[in-house]
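# Examination of the molecular architecture
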Amino acid sequence: MNASTHTPTATVTKAVIPVAGLGTRFLPATKATPKEMLPVVDKPAIQYVVEEAANAGLEDVLMITGRNKRALEDHFDDNAELEQALAAKGDTARLDAVRRVTGLARMHHVRQGRPLGLGHAVLCARSHVGDEPFAVLLGDDLIGPGEGLLEQMLRVRAAYSGSVVALMEVEPDRTHLYGCAAVERAGEAGPVDGRAHDGEDALVRVIDLVEKPAQGTAPSNYAVIGRYILDPVVFDLLEKAEPGHGGEIQLTDALRELAVSGDHPVHGVVFSGRRFDTGDRASYLRTVIELACERPDLGPDFRSWLTDFVRAGHEAPVR
Ligand code: UTP
């Protein structure tokens with residue numbers, strides 16, 4: 001990869017957040033409530049994701065919503081009645097917290113209609129995004145606050161053009177749960193913007209991708225996680241895409257076409273920071289506990305209760 005051969009066509013200004021999935025792993029909690037609205041301490045998971053986009057300078061946010069997604073739209077909208085009640089009580093801290101949500105980003109919504117897959121959800125963003133590169137953030141995937149992953153991916157796009165995926169090394173017995181990438185070293189481009197600086201995550205070139213490979217067949221243990229910077233050329237591929245794994249239109253399959261053809265490079269940032277999957281029950285519980293422990297207002301008391309709880313050696317009651 002050589003920085004001089006790629007000219008960035010446009011800066012990324014828009015974030016797309018698909019939230020139209022059925023959330024079946026979390027039923028019955030997600031029967032009438034989107035999984036992205038489940039609270040992580042005192043904010044819904046989606047708020048962390050929108051904050052991450054806004055912190056990276058992406059203040060135009062399009063949510064791809066589906067059934068039962070009214071709560072997601074309401075969360076980022078004004079709530080005059082609630083604000084008046086808090087103001088009347090003089091509860092300025094909560095009033096500020098409520099107002100801050102509305103001011104995070106310019107929110108837009110489009111409905112997916114039927115959950116035909118992540119690739120199809122991304123295609124629903126086409127008319128809003130137009131012919132510009134854009135970011136995709138999955139609404140149930142949280143990146144530790146302050147990790148700077150999205151910012152680094154934006155720098156990679158600016159330096160090398162093409163598309164960028166976030167990769168994480170996972171245990172070999174977990175590769176079948178993810179899209180997995182075959183990668184090669186990013187070449188001798190040198191430490192320009194976007195290339196890994198000291199303390200930044202490594203940059204690789206993606207040469208192949210497989211969605212949820214059968215056990216033992218993954219091309220590597222680099223799993224694709226829920227952050228992408230996509231070149232708009234991906235829309236053309238998604239238009240033509242056939243259903244793939246699980247009968248769904250897969251974003252991974254469109255990215256694979258790009259990676260294999262080599263005409264539009266797919267770069268990978270190998271993320272080594274903290275990531276939380278709130279769409280999975282056990283991982284969701286760990287997320288809430290970890291982030292609660294870090295909170296200055298709740299953490300000290302909560303940690304001490306947790307320590308006592310663990311010391312007491314609680315075991316599940318026999319039922
Ligand atoms: P997931 O497969 O994790 O979400 O999709 P899901 O289908 O809601 O979850 P389970 O497996 O049934 O529990 C990854 C992301 O893509 C979105 C989801 O909302 C999630 O944020 N998605 C998925 C869509 O927006 N539309 C789809 O058709 C599929």
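Scope of this entry: the structure provided in the associated data block. Residue indices begin from 1 for each chain and proceed along its sequence in written order. Local features are withheld for residues below a pLDDT of 70 in this predicted model, meaning they are given only at 70 or higher, and side-chain atom pairs are given and counted only at 80 or more; totals for whole chains, interfaces and linings count all residues. Hydrogens are left out, water is left out, and the side-chain values use all remaining heavy atoms of the structure.

## Some remarks on the pairing of strand E4 (residues 60–65)
Put simply, the rule is: Buried, partly exposed and exposed residues are distinguished by accessible area as a fraction of the type maximum, computed with a 1.4 Å probe on protein chains only: under 20%, between the cut-offs, and over 50%, respectively. The helix and strand labels rest on DSSP assignments: H or I over at least four residues marks a helix, E over at least two residues marks a strand, and numbering proceeds from the N terminus. Between any two strands, at least two bridges found by DSSP are needed for them to pair.
Burial within E4 is extensive, with 6 of its 6 residues counted as buried. Along E4, one buried face is formed by Asp60, Leu62 and Ile64 and the opposite face, lined by Val61, Met63 and Thr65, is buried too. Judged from the 5 bridges that link them, strand E1 (residues 14–18) and E4 form a sheet pairing that is parallel. When the sheet's bridge partners are listed, Val16 is paired in E4 with Leu62. Two strands pair when backbone bridges link them, and E4 and strand E5 (residues 106–111) are joined in this way by 6 bridges, in the parallel orientation. Bridging across to E5, Met63 finds its partner in His109.

## Concerning the pairing of strand E6 (residues 134–137)
Both faces of E6 are covered, namely the face carrying Phe134 and Val136 and the face carrying Ala135 and Leu137. Note that E1 and E6 share 2 bridges and pair parallel. Opposite Ala15, over in E6, you have Ala135 as the bridge partner. Sheet topology places E6 next to strand E11 (residues 222–230); 4 bridges connect them, and they run antiparallel. Following the sheet pairing, Leu137 is matched in E11 by Arg227.

## Quick look at helix H7 (residues 149–160)
Threshold: Working rule for helices: expected span equals 1.5 Å times residues minus one.
A rise of 1.5 Å per residue sets the reference length of H7, with its 12 residues, at 16 Å; its end C-alpha atoms lie 16 Å apart and thus fit the reference within 8%. With 9 of its 12 residues buried, H7 lies for the most part within the structure. Of all the positions in H7, only Leu149, Leu150, Gln152, Met153, Leu154, Val156, Arg157, Ala159 and Tyr160 are classed as buried. Backbone geometry just downstream of H7 places Ser161 in the positive-phi region, at approximately 60°.

## Some words on the site of the ligand
Our working definition: Note on definitions. A residue lies near a molecule or strand when any single heavy atom of the residue is within 4 Å of it. By the criterion applied in these results, polar contacts are pairs of N or O atoms within 3.5 Å in which, for protein atoms, one can donate a hydrogen and the other can accept it, and in which residues neighboring in sequence qualify only through two side-chain atoms. The method behind every accessible area is Shrake-Rupley, applied with a 1.4 Å probe, and residues are considered shielded solely by the protein chains displayed. Under the scheme applied here, ten amino acids are nonpolar (Ala, Val, Leu, Ile, Met, Phe, Trp, Tyr, Cys and Pro), four are charged (Asp, Glu, Lys and Arg), and all others, including Gly, are polar.
Around the ligand, a shell composed of 19 residues is seen, among which Gly23, Thr24, Arg25, Gln112 and Gly117 lie nearest. Between the ligand and Gln112 there is a distance of 2.7 Å, counted from a nitrogen atom to a side-chain nitrogen or oxygen. Contact with the protein chains hides 84% of the accessible area of the ligand, taken as 570 Å² for the molecule alone. When grouped by side-chain class, the residues that make up the shell around the ligand number 9 nonpolar, 6 polar and 4 charged.

## Thoughts on the packing of aromatic side chains
Think of a pair of aromatic rings as described by two things: how far the centres are apart, and how the planes are tilted against each other in angle. Basically, it comes down to this: Pairing of aromatic rings covers Phe, Tyr and Trp, the last through its six-membered ring, and needs centres within 6.5 Å; plane angles under 30 degrees mean stacked, over 60 mean edge-to-face, and all others mean tilted. Only when the NZ of Lys or the CZ of Arg is both within 6 Å of the ring centre and within 35 degrees of the ring normal is a charge said to sit over the ring.
Scanning all chains against the criterion turns up 4 aromatic pairs. The interplanar angle of 0° and the centroid separation of 5.0 Å between the aromatic rings of Phe134 and Phe235 together place this pair among those described as stacked. Note that Phe134 is positioned in strand E6 and Phe235 in helix H8 (residues 233–240), a separation of 101 residues in sequence. Each member of the pair, Phe134 as well as Phe235, is classed as buried. The structure contains a cluster of three or more aromatic residues connected by ring pairs, namely Phe302, Trp305 and Phe309. Residue placement shows Lys43 over the ring face of Tyr48; its charged tip is 4.4 Å from the ring centre.

## Things to note about the packing of H8 against helix H9 (residues 251–261)
The cut-off we apply is this: The axes are straight lines fitted to the C-alpha atoms, using for helices just the contacting stretch, and the angles between their N-to-C directions are given from 0 to 180°. An angle below 35 degrees is read as roughly parallel, one above 145 as roughly antiparallel, one from 65 to 115 as roughly perpendicular, and any other as oblique. Should the near helix be turned anticlockwise from the far one by less than a right angle, the crossing is termed left-handed; should it be turned clockwise, right-handed. Here, residues are in contact when the closest pair of their heavy atoms is within 4.5 Å.
For the pair H8 and H9, interaxial distance at closest approach is 9 Å and the crossing angle is 120°. Put simply, H8 runs oblique to H9. In this structure, H8 meets H9 at a crossing whose hand is right-handed. Residue-level inspection shows Val233, Val234, Leu237 and Leu238 of H8 in contact with H9, the latter providing Leu251, Ala254, Leu255, Glu257 and Leu258. A per-class count over the contact of H8 with H9 returns 8 nonpolar, no polar and 1 charged.

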